[in-house]
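# A look at the structure
What follows is the residue order along each chain.
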Amino acid sequence: MSFELGMMAAAGETGGSFWMPPEISTSAAGVDWIFYFIFWISLFFFLLIVGLMTYFVVRYRRPKGVEAEGAPSHNMVLEVTWSVIPLILVIVIFYLGFKGFMDLFTSPQNAYEVLVTGQKWKWLFQYPNGYVDENLHVPVDVPVRLVMSSEDVIHSLYIPAFRVKRDVVPGRYTKAWFQATQAGDYQIFCAEYCGKSHSDMLAKVVVEKPGDFEKWLEKASNFLDTMPPAEAGARLYKTRGCAQCHSIDGTSGIGPTFKGVFGETVVMVGGAKVAVDENYLRESINEPQVRVVAGYQPVMPTFKGRLKDKEITAIIEYIKSLER
Amino acid sequence: MASGDMAASGAGVEDNYLTHSHGFKSWFFTLDHKRIGLMYLVSILTAFFLGGVFALLVRTELLTPGKTIMDAETYNRMFTLHGAAMIFLFIIPGIPAALGNFVLPIMLGAKDVAFPRLNLFSYHLYVAGAIFALASIAMGGVDTGWTFYTPYSTTTNSHVIAMTLGAFILGFSSIFTGLNFIVTIHKLRPAGMTWFKMPLFLWALYGTAIIQVLATPVLGITLLLLIVERALGVGIFDPALGGDPVLYQHFFWFYSHPAVYIMILPGMGIISELVSVFSRKHIFGYKFIAYSSIAIAVLGFLVWGHHMFTSGQSAMMNMIFSALTFSVAIPSAIKVFNWLATMYKGAIHLDTPMLYALSFIFLFGIGGLTGLFLGALAVDVHLHDTYFIVAHFHYTMMGGTVIAFLGGLHYWWPKMFGRMYNETLGRIACLIIFVGFNTTFFTQFIMGSHGMPRRYYNYVPQFTPYHRLSTWGSYLMAVGFFLMAGYLLHSLFRGRKAPVNPWGSATLEWQTSSPPPHDNFPEAPAVGDPYDFSNLEYDPSLPGYRRRGGPKA
Ligand SMILES: [Cu+2]
Ligand SMILES: [Cu+2]
């Protein structure tokens, strides 16, 4: 037991208090202040209640057969007092909570906007230049607004270090904002249960130092030029939605798996056999309905015009790299 | 009276409701509220056992991040079944249908509830609902969480329809019980028992019944709409079909928030009885407690939106729901202070039921106070859907309702079965459960406020020590429950015969023999103030209480 307790102290994140994780956003300190305000009031009342209870038990414990000395069974002044004092306190707490909430709710006009998509079971963050990443990179000390929507069921974007949480709902947009105060990596969770891999629907917020953010975005956006094509293709596979329908582990989903498909001979609807080479892959991505793999529905959207040539080449290289 | 005292001394084997008739049919088709109550008791305890096993499996899986004993899909089914069994099959029917059914008519000095056939029908509906729930488990279970949130619940391929149909039927069982209790309390009070001479447990059951009757139909409609969407593809909640997923949440919580008061109000009623009896003192502030039950029942209808502070509903709605939520804190606080004032200058006896009452004040105190964090908008945004919530509602639902239920069970056990359980073991089990409970759930507050989300199969390693401690606590709790099951079952066969009034209570059920005869009372009981103990005196030879000047044992 003492081992566990020791571990607990050690396992705590760097910074943060007994109850709260480190405060990395401009709103965090305010939220924590309200939390601790309620905490001390609650502790006071809890100790009062349990203290009185214990005292009465010790003081008035009697053997069987001894009856109570008796005291009045009601007292208007007392009863009104202990109704009114809690009433005043909860009004104060309500007010603080509401004020703090409006802070969390109203984002500044000039905020940097990132589009967020939640889907089973990952997050995608799209930057103003169109680049999509699986982690959220943001500049420090700049207000950031997230405009979020879900592709499937309800998710909830939760960043404990920022005290930010907002449901991500299909068919509508929800918003959240924050201003990070310290560079570093922080955890993003999905907080609304969304099925099998709900607990693996994780991502990082990477808070970049001043100036680093722009550099990162530029470099990341040019990953086609800087990364080996197969690696770039792997990234596109995840960020452009292929992963939703195509697995890379051999299991068949809505579409066939990519594993080991290159060089194979595949049967089409209608019986034609096709050897999978670069040109076939390219056609399948640009015009999926032309030749449909037997055993699958023709549901793949066309990516013609949505993927640049260079991107298609990268994806093909990635598929080639997935040997059986 | 005389006949009751004779039974207590074991002078003659009398007809009682347990021995009145024999055979399966005499139970399963009985109209006797006591037998129906007992059948409910057996059923809900079975559900509690099942729900407990699911809970232990969930906790065991969480011993380590990643896989410990089961895969993610099994885990998701386990926590769903744990929640669904505990809520729909155990806690909601728990106190009203099991203990309430047994006690309510006797407390009124009546022969039965107003509509005995409806009462039996409620039980049969309960069994039917339970069968649907079990069928869905047998087919492979449900993985939506007990809240069945759309669009997840309309798109998952697990057995949602059977489970929701089960909950739908259980809802009607609950509505009919509520209706029955309302009419019974209005119509069958004996001469001399005015509203304000009613035991507070009855006030609590009355408040509960109002919620059952008014809120449960909304759950029924919601679940029906869900089934319609799932089965027929009509777009109500699923945006892919043109529906609104947040609408479901409004509907669901419009029932399910009041439902938490269906769970806690009767528990509070039990505590009011226990604190007064075991302090040997008139309950303090009777009217405040009675009114606060009704206030909670009414206000409980106006706060459902506090489950949706992060859903994207407007700031105005959030503000209103937050304010209303805080208003419910007041009547709850009033009750706690009144219980304490009742103990002041009492003659406190620490029998097992009283230990549960004290446990309740401690645990429900934490459960209630942590509600303040969640009512405060800015803080709730951080804590919502984390283990802080899990801990909070376990402190209120389990630390509150279940502990009160156990207190009530130990209090009325001698009346129900005519046997006393082993007092020492009773106290030890209570203590083990108390320690186990706090170990399990207090750790969850801390990991929750540090950001551990709920319903997580896998977790970041930072939370491992908390999860481990929590799991060990749950094992300790299980030990307490097994001990309890052991001595309670033992008491049925070997327990000392219970006297008429072992605790010295002034409510009417303690004027008839233990266990009561088929018709409850051989002659109409004497109605008086339910909290005036001055007419009772302790007789160590029973050991128990008898009326002053009544016949000696
Ligand atoms: Cu999710
Ligand atoms: Cu609620």
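Residues numbered from 1 in each chain as written. Chains lettered and ligands numbered in written order. Predicted model: local features only at pLDDT ≥ 70, side-chain atom pairs only at ≥ 80, totals over all residues. Heavy atoms only, no water.

Residues and elements named next belong to chain B. Taken together, H257 (ND1), H306 (NE2) and H307 (NE2) make up the full set of protein donors to the copper ion (ligand 2), lying 1.6 to 2.0 Å away. Along the chain, the residues that donate to the copper ion (ligand 2) are spaced as H-x48-H-H. A residue pair is termed long-range when its members are at least 10 positions apart, and H257 in helix 9 (residues 245–278) and H307 in the loop between helix 10 (286–299) and helix 11 (315–343) qualify at 50 residues. (Donors = N, O, S within 2.8 Å, 3.2 Å for Na, K, Ca; no water. Helix = DSSP H or I, 4+ residues; strand = E, 2+ residues; numbered from the N terminus.)

To continue, consider the packing of helix 12 (residues 352–375) of chain B against helix 14 (residues 387–417) of chain B. Residues and elements named next belong to chain B. Where helix 12 contacts helix 14, the two axes come as close as 8 Å, and the packing angle between them is 160°. Considering their axes alone, helix 12 and helix 14 lie roughly antiparallel with respect to each other. Helix-helix and strand crossings are classified by hand; for helix 12 and helix 14 the assignment is left-handed. Split into classes, the residues belonging to the contact of helix 12 with helix 14 amount to 15 nonpolar, 13 polar and no charged. (Axes fitted to C-alpha atoms, helices over the stretch in contact; angles between N-to-C directions. Parallel < 35°, antiparallel > 145°, perpendicular 65-115°, else oblique. Left-handed = near helix turned anticlockwise from the far one by under 90°. Nonpolar A, V, L, I, M, F, W, Y, C, P; charged D, E, K, R; others polar.)

What the rule picks out here adds up to 21 salt bridges over all chains. Residue E67(A) pairs with R280(B) through a salt bridge whose shortest N-O separation is 3.3 Å. With E67(A) in the loop between helix 2 (28–60) and helix 3 (76–105) and R280(B) in the loop between helix 9 and helix 10, this residue pair bridges two chains. You can call E67(A) partly exposed: its relative accessible area is 25%. The salt bridge involving E113(A) is made with R145(A); its shortest N-O contact spans 3.0 Å. Residue E113(A) is found in strand 1 (residues 112–119), and its partner R145(A) is found in strand 5 (residues 143–150); the two are separated by 32 residues along the sequence. We classify E113(A) as partly exposed; its relative accessible area is 36%. Given the relative accessible area of 13%, R145(A) is considered buried. Taken together, the shared-partner salt bridges in this structure form one network comprising E537(B), D539(B), R546(B) and R548(B). (Salt bridge = Lys/Arg side-chain N within 4 Å of Asp/Glu carboxyl O. Buried < 20%, exposed > 50% of the residue type's maximum accessible area, 1.4 Å probe, protein only.)

What follows covers a nonpolar patch on the surface. Together, M76(A), V77(A), V80(A), V84(A), I88(A) and V92(A) line one region of the surface with nonpolar side chains, adding up to about 500 Å² of accessible area. Mapped onto the secondary structure, M76(A) falls in helix 3. (Patch = residues over 30% accessible without salt bridge, like charges linked within 9 Å, V, L, I, M, F, W, Y side chains within 5 Å. Areas by Shrake-Rupley, 256 points an atom, 1.4 Å probe, with all protein chains shown as cover.)

The next subject is the coordination of the copper ion (ligand 1). Looking at the metal site, the copper ion (ligand 1) is ligated by H155(A) (ND1), C190(A) (SG), C194(A) (SG) and M201(A) (SD), spaced 2.0 to 2.5 Å from it. Of note is the copper ion (ligand 1), whose 4 donor atoms meet at the metal with angles of 89 to 124° in an arrangement that counts as tetrahedral. (Tetrahedral: all angles 85-135°; square planar, octahedral: opposite > 155°, others 65-115°.)

Residues and elements named next belong to chain B. With respect to the secondary-structure elements, N520 resides in the loop between strand 2 (496–497) and strand 3 (536–539). Within the structure, N520 has its side chain in polar contact with the side chain of H33 (distance 3.0 Å). A distance of 2.5 Å separates the side chain of N520 from the side chain of K34, its partner in a polar contact. Those residues in contact with N520 that lie beyond four places of it in its chain are H33, K34, P105, I106, A110, K111, D112 and T512. (Polar contact = N/O pair within 3.5 Å; in protein donor to acceptor, adjacent residues only side chain to side chain. Contact = heavy atoms within 4.5 Å.)

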